[in-house]
Amino acid sequence: MINGINKLTNEQRQQFRDEGYLIVRNALNEDRISRLIEAGDRLIATDERFNRFVQGGGIYDGFRNCITMDDAYIPLLTNDITLPLVIQLLGSNLQLSTSHLIHRHPDPPGTSNTVRRPGWHRDGGGISRDLGEANFPRMGLKCAFYLTDLSEPNSGVTMLAPGSNQLTERIEIPEGEVDPANALEPLLNPGDCVIFEYRTWHAGAPNFTDRTRKAVMIGYCYRWLKPMDYVKQDSSFVDKLSDIEKYLAGEEVDDTPEFQPSGGFNPLNEWCEKHGVEQDHLGL
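Residues numbered from 1 in each chain as written. Predicted model: local features only at pLDDT ≥ 70, side-chain atom pairs only at ≥ 80, totals over all residues. Heavy atoms only, no water.

**Looking at the overall build of the protein chain**
Stated precisely, the cut-off is as follows: Going along the chain from the N terminus, every DSSP run of H or I of four or more residues is numbered as a helix, and every run of E of two or more is numbered as a strand. The cut-offs for exposure are 20% and 50% of the maximum accessible area for each residue type, with area from a 1.4 Å probe on protein chains only; residues under the lower value are buried, those over the upper are exposed, and the others partly exposed. Two residues qualify as a contact provided that any one of their heavy atoms is within 4.5 Å of a heavy atom in the partner residue. Accessible surface area values rest on a Shrake-Rupley calculation with a 1.4 Å probe, where residue burial reflects the displayed protein chains alone. Note on charges: Lys and Arg go in the positive column, Asp and Glu in the negative column, and His and the chain ends are not counted at all. A charge is said to be at NZ when it belongs to Lys, at CZ for Arg, at CG for Asp and at CD for Glu.
A tally of regular secondary structure across the protein chain gives 7 helices and 8 strands. In terms of its C-alpha atoms, the protein chain occupies a principal-axis envelope of roughly 65 × 40 × 40 Å. Classification of the 284 residues of the protein chain by burial places 53% in the buried group. A fraction of 82% describes how many contacts in the protein chain between residues 6 or more apart in sequence connect residues 24 or more apart. Put simply, the protein chain shows about 13300 Å² of open surface, and 47% of that area lies on carbon and sulfur atoms. Averaging the positions of the 28 positive and the 42 negative side-chain charges in the protein chain gives two centres separated by 2 Å.

Structure follows, in structure tokens:
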């Protein structure tokens, strides 16, 4: 932490490039966790179907573009612990790609420990399909904020395959197994965040506890990519946001009428200059 800004160490930067993920402890305080849990519980309890995403007969339940559904989610977009890391990893030419509320309810008795909900996959929509696994560059990442206790195995955490961000073909799962050989099941506390690349293969571990695993995933991608959850956010949502939040929500915050090859004013660049944040433009 330098001048109040969370700065990457060389070791963290190298780990993200090599292994495709970082674990960030205590990204949320208790008050923020409580507000997010309250908002999520309220939404899950409704019969709302718009943008709802359900699997496994309701065991996996949640909403996409949840940032527009409750104001409690908006501060996650510019979280002061994680956003500086995101900019240092991807640069500042960013926008929100997804905001995903996920409740992973306990598995029913008798569920096999081989269940993975969802199964092993990469993010990024149709990138793998359209470009092929071998041509999938670093285009985005997710900040997965966990709100409940995941300090024991089989608590429903997101499993990761370290180094799979560098694969040029589909991940290999040994015959007779359900996970790649190096699968990692991180043990996390409420408020911890896992930052992982689109290209990093991941899956949902079983939840054999008596608790619902609650998480919110905020995804960022480059501004020349189409977001996963929306095309243009509703003005009633945008009007609540600061200039940096509007920019990250995909809005233009520059009223200059002339064409600008640079893409126009980017408030994140001013923020980086003010705080001495070094951006990473390698995209590898």
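There is more to say, and it comes next.
**Looking at the environment of Gly62**
With respect to the helices, strands and loops of the structure, Gly62 is situated in strand β2 (residues 60–64). By relative accessible area, which is 0% here, Gly62 ends up buried. Once the C-alpha coordinates of Gly62 and Cys193 are considered, the two residues, 131 residues apart in sequence, prove to be 18 Å apart. Ignoring any residue separated from it by four or fewer positions in sequence, one finds Gly62 in contact with Ile44, Asn51, Arg52, Phe53, Leu101 and Ile102.

**Overview of the layout of surface pockets**
Quick note on the threshold: Cavity and pocket criteria rest on a 1 Å grid covering protein atoms alone: a 1.4 Å probe that fits but cannot get out defines a cavity, protein on both sides within 12 Å along at least 5 of 7 lines defines an open pocket, and an atom within 4 Å of a point defines a lining residue. Grid points are joined across faces, edges and corners, and a volume is the space filled by probe spheres set on the points. Here the term charged refers only to Asp, Glu, Lys and Arg, the term nonpolar to Ala, Val, Leu, Ile, Met, Phe, Trp, Tyr, Cys and Pro, and the term polar to all other amino acids, Gly among them.
The volume enclosed by the largest pocket comes to roughly 320 Å³. For the largest pocket, the lining is made up of 25 residues, of which Tyr60, Pro118, His121, Asp123 and Lys142 are closest to its centre. Breaking the lining of the largest pocket down by element, the ones donating at least two residues are β2, β3 (94–104), β7 (202–204) and β8 (213–222). In terms of residue class, the lining of the largest pocket is made up of 9 nonpolar, 9 polar and 7 charged.

**Quick word on the pattern of salt bridges**
As a reminder, the rule being used: Any carboxyl oxygen of Asp or Glu within 4 Å of a side-chain nitrogen of Lys or Arg constitutes a salt bridge here.
On inspection of all chains with the given rule, the structure shows 17 salt bridges. Across the salt bridge formed by Asp229 and Arg64, the nearest N and O atoms sit 3.2 Å from each other. Here Arg64 lies in strand β2 and Asp229 lies in the loop between β8 and α5 (235–238), a separation of 165 residues in the sequence. Across the pair, Arg64 and Asp229 agree in class, each one buried. Residue Glu197 is joined to Arg199 by a salt bridge in which the shortest nitrogen-to-oxygen separation is 2.6 Å. Residue Glu197 is classed as buried on the basis of its relative accessible area, which comes to 0%. A relative accessible area of 9% places Arg199 in the buried class. Beyond isolated ion pairs, a larger network of salt bridges with shared partners links Glu38, Arg42 and Asp70.

**Some remarks on the pairing of strand β4 (residues 140–146)**
A regular strand places its side chains so that they alternate between the two faces of the sheet. So the rule is basically this: Here, a strand pair is defined by DSSP locating no fewer than two bridges between the strands.
When you tally the buried positions in β4, you get 7 out of 7 residues, the bulk of the element. Both faces of β4 are covered, namely the face carrying Gly140, Lys142, Ala144 and Tyr146 and the face carrying Leu141, Cys143 and Phe145. Across 7 bridges, β4 lies against β8 in antiparallel orientation. Note that in β8 the partner of Tyr146 across the bridge is Ala215.

**Quick notes on helix α7 (residues 267–275)**
Every α-helical turn comprises 3.6 residues, leaving residues that sit three or four positions apart pointing alike. Put simply, the rule is: In this description, the arc belongs to the directions extending from the helix axis to the C-beta atoms. Any N or O atom pair separated by 3.5 Å or less is treated as a polar contact, with the protein-specific requirement of one donor-capable and one acceptor-capable atom, and with residues adjacent in sequence counted only for side-chain atom pairs.
All of the buried residues along α7 are Pro267, Leu268, Trp271, Cys272 and His275. Taken end-on, α7 shows its buried residues confined to a sector of 145 degrees, consistent with a single buried face. Those residues of α7 that are buried lie in contact with α3 (83–90) and α6 (243–248). A side-chain oxygen of the first residue of α7 lies 2.8 Å from the backbone nitrogen of Leu268; this N-cap is Asn266. Downstream of α7 by one or two residues, Gly276 has phi in the positive range, about 65 degrees.

**Here we look at α3**
With respect to burial, α3 is a largely interior element, 8 of its 8 residues being buried. Turning to α3, its buried residues number three or more, namely Leu83, Pro84, Leu85, Val86, Ile87, Gln88, Leu89 and Leu90. Downstream of α3 by one or two residues, Gly91 has phi in the positive range, about 95 degrees.

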